[in-house]
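Examining the three-dimensional arrangement
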Amino acid sequence: MDFCGLLTCTNKPVPLRSISVDAVIRSFVADVVSELRYQNEEENPVEVRFVFPLDAVAAVYAFEGLIGGTRIEAQIREKKQAQQEYEDALTEGRQAFLLERERSSSDIFVCTLGNLPPDGEAVLKLSYVQALDPEPDGAIRFVLPAVLNPRYVPQDSATDTITKSIPRVPRGQLPYTLSLCAKLQSPYGIDHVESKCSLEPMRYTAEDHTAAEVALAGGYQFDQDVELLIYYKDVHKASALLESGKPGAPAGSLMGDPALLLSLYPSVPPPKPDQNATGEFIFLLDRSGSMDCRTDHTSDSSSRIQSAKETLILLLKSLPLGCHFNIFGFGSSYDSFYPKSVEYTQDTMSVSLKWVKNLKADLGGTEILQPLKAIYRQPYLEGHPRQLFVFTDGEVHNTDEVIAEVSRHRGSHRCFSFGIGEGASTALIKGIAQAASGSAEFITGKERIQAKALQSLKKALQPAVTGISLKWNLPPGLEAKLVGSGHQVIFPGHHCLLYAQIHGQHQPSGPAEGHVLLQYTFQDQTFTETMTFPLQAQETDRMPVHRLAAKFFLQELEQAGEKEEEKQHLALETSLSSGVVCSQTAYVGVNTELGKTFHTPLIHRDVPLMSGVPLKGSGSSRHGLVRRQWRAQAGEAVMVVGAGI
């Protein structure tokens, strides 16, 4: 039986010809510009839709097009207004393009180009900025996502998933190409770059090795995520970057004031030995049908459920004696190994390991909310702080609702999440970890599984950096204000970015530098770091620091929930003023030159995505009916590979 069957192909013309990506990666920040080149070789005008993934923390801040020699800068609008402007333009026979976030997930975007005439050409340019995370070995990880998995939708749901209707083609037959060039910058030097993709040799562009360039090798097949692991020198040194405000923006506003980015990656000493480590460790394992797919596109990779089980087994073997634990599985329904958490002994560990080895992806759909609520209903154990570990491919339909549930219980536990397989939802995996002061890891294939699993357990067993405070030393007339709530904890081996607005006017005769003292506590010890930054702010049209600050603030506001109207209104205002897309806004561009009305209707073309590798397996399950219903409705466990831009 094919768990990953339902592969479809398309022989319809595809106007998308190529994607070229230019990225500037400076320390922990990537500023990315992608160009999508279209050409209509049909005899009728077409409307093209392209669905692609982006990391949930990416801030999309600009969109423009070059159509028939005319440059068109898209404008950010309230989403319904943008959609109406796009539809009106098509009715008038004008070329138009629309960029919006998919309604049910913050890590899927939809780009639509309408009224591209016969023999017409168009280039759409998308810009976004993204904060990057370190790996366990200190590498900074930049990913250009290629894999877009379908999102599960319950059978009785009134909504559908946009990923369901996208056509797919066999591997190696994508009709468009990809090129990537990345410029790397670090004030402390760049050591080397690694990737599972074929790269051209890295070329230093500065004698002191503070700048370099790297590019994908020619002939790259965009059938897996493009991942760069960048190794800097002295990566743990704190840094500060001040960026000028936007000309014409009101003073005192987020975009009008200078914005300061503080990069903190503290190297804390080893923790004090503790022979009485305690805790309640709850493991929540995704056993939906999609977990039977492979973790990546290669034929020798293990299934997602197998990778999750191997990681869980490693963690179980590493728990400290005397703690408590339980294991939940979820799909369309959920179950648990024990009615309540049990003490971790040699016997309970051995029994649990046998159970884990026999687990299968046999629980149907992907309903994570109810098992979460069941876990939170369980009484807390005195003296055993609760640590929740979630293993999932993230193909859920209610990401925002799940994050909100975790956030409601953030004061009573920490959440550590594992995204299993390429295409795992970054919105869900990173969202639940951030909501409960934990950390997120992504597992694709067999690389770095052990290191990532043990690092998360180490964080759960050890105290985190707390008591984070900033003391400012600025010239008279200037003051600093943090954007959002900042970070409450930093785990060893983890980093955080803090954003601040600098209010007031700097007097030219005053000091040329500002200072900020970072203070934090780790195991009853207080540490300090001082960062100095020039008050001559860097000027840039792209304003990556301001965009990241706006994105951070928007995420906090949107996690407040739809019922808090004041925060939703503030989110809309912030999105419109910063240009950073949120759930309430979209970009629309219209060619205002006289349109040409065609007497034939527009031909709709979806840009195809690449199909995954079918897996074989047994279909026996007490939830077989549910699984068959889901597979027929939502395309169970189809790994879809598309082009992330």
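Residues numbered from 1 in each chain as written. Predicted model: local features only at pLDDT ≥ 70, side-chain atom pairs only at ≥ 80, totals over all residues. Heavy atoms only, no water.

A few words on the packing of helix α4 (residues 369-377) against helix α5 (residues 399-408). Two numbers describe how α4 lies on α5: the axes approach to 10 Å, and their chain directions differ by 5 degrees. Relative to α5, the element α4 is oriented roughly parallel. Where α4 abuts α5, its residues L369, L372, K373 and Y376 lie against E401, V402, E405 and V406. When grouped by side-chain class, the residues that make up the contact of α4 with α5 number five nonpolar, no polar and three charged. (Axes fitted to C-alpha atoms, helices over the stretch in contact; angles between N-to-C directions. Helix = DSSP H or I, 4+ residues; strand = E, 2+ residues; numbered from the N terminus. Parallel < 35°, antiparallel > 145°, perpendicular 65-115°, else oblique. Contact = heavy atoms within 4.5 Å. Nonpolar A, V, L, I, M, F, W, Y, C, P; charged D, E, K, R; others polar.)

Okay, the environment of R410 next. Its place among the elements puts R410 in the loop between α5 and β25 (413-420). On the accessibility criterion, R410 (40% relative accessible area) is partly exposed. Expressed as a C-alpha distance, the spacing of R410 and S437, which sit 27 residues apart in the sequence, is 7.3 Å. Discounting residues that sit within four places of it in the chain, R410 has contacts with Q434, A435, A436 and S437. (Buried < 20%, exposed > 50% of the residue type's maximum accessible area, 1.4 Å probe, protein only.)

With a phi close to 65 degrees, N115 is a non-glycine residue in the positive phi region. Structurally, N115 can be placed in strand β8 (residues 108-116). The backbone of D119 shows a phi angle near 65 degrees, a positive value even though the residue is not glycine. Its location among the elements puts D119 in the loop between β8 and β9 (121-131).

Take the side chain of E405 next. Along the chain, E405 falls in helix α5. In this structure E405 comes out as buried when scored by relative accessible area, which is 6%. In this structure the side chain of E405 is engaged in a polar contact, spanning 2.6 Å, whose partner is the side chain of R408. Non-local contacts of E405, meaning those with residues more than four positions away in its chain, are made with L369, K373 and Y376. (Polar contact = N/O pair within 3.5 Å; in protein donor to acceptor, adjacent residues only side chain to side chain.)

All right, on to the sheet that holds strand β14 (residues 190-194) then. Spatially, β10-β11-β17-β14 is the arrangement adopted by the four strands of the open sheet, whose pairing is antiparallel. Strands with a single pairing partner mark the edges of an open sheet, and in this sheet they are β10 (133-134) and β14. As paired strands, β14 and strand β17 (residues 226-232) are joined by four bridges and run antiparallel to one another. Each residue of the ladder has a partner; that of I190, found in β17, is Y232. (Pairing = 2+ DSSP bridges.)

Across all of its chains, the model carries 16 aromatic pairs by this definition. On the numbers, 5.9 Å between centres and 80 degrees between planes, the contact of F325 with Y338 is edge-to-face. Taken together, the positions of F325 in strand β21 (residues 324-330) and Y338 in the loop between β22 (334-336) and β23 (342-343) put the pair 13 residues apart, joining distant regions of the chain. Since its relative accessible area comes to 11%, Y338 is described here as buried. Cluster of aromatic residues (ring-pair linked, three or more members): F281, F283, F389, F391, F416 and F418. (Phe/Tyr/Trp six-rings, centres within 6.5 Å; stacked < 30°, edge-to-face > 60°.)

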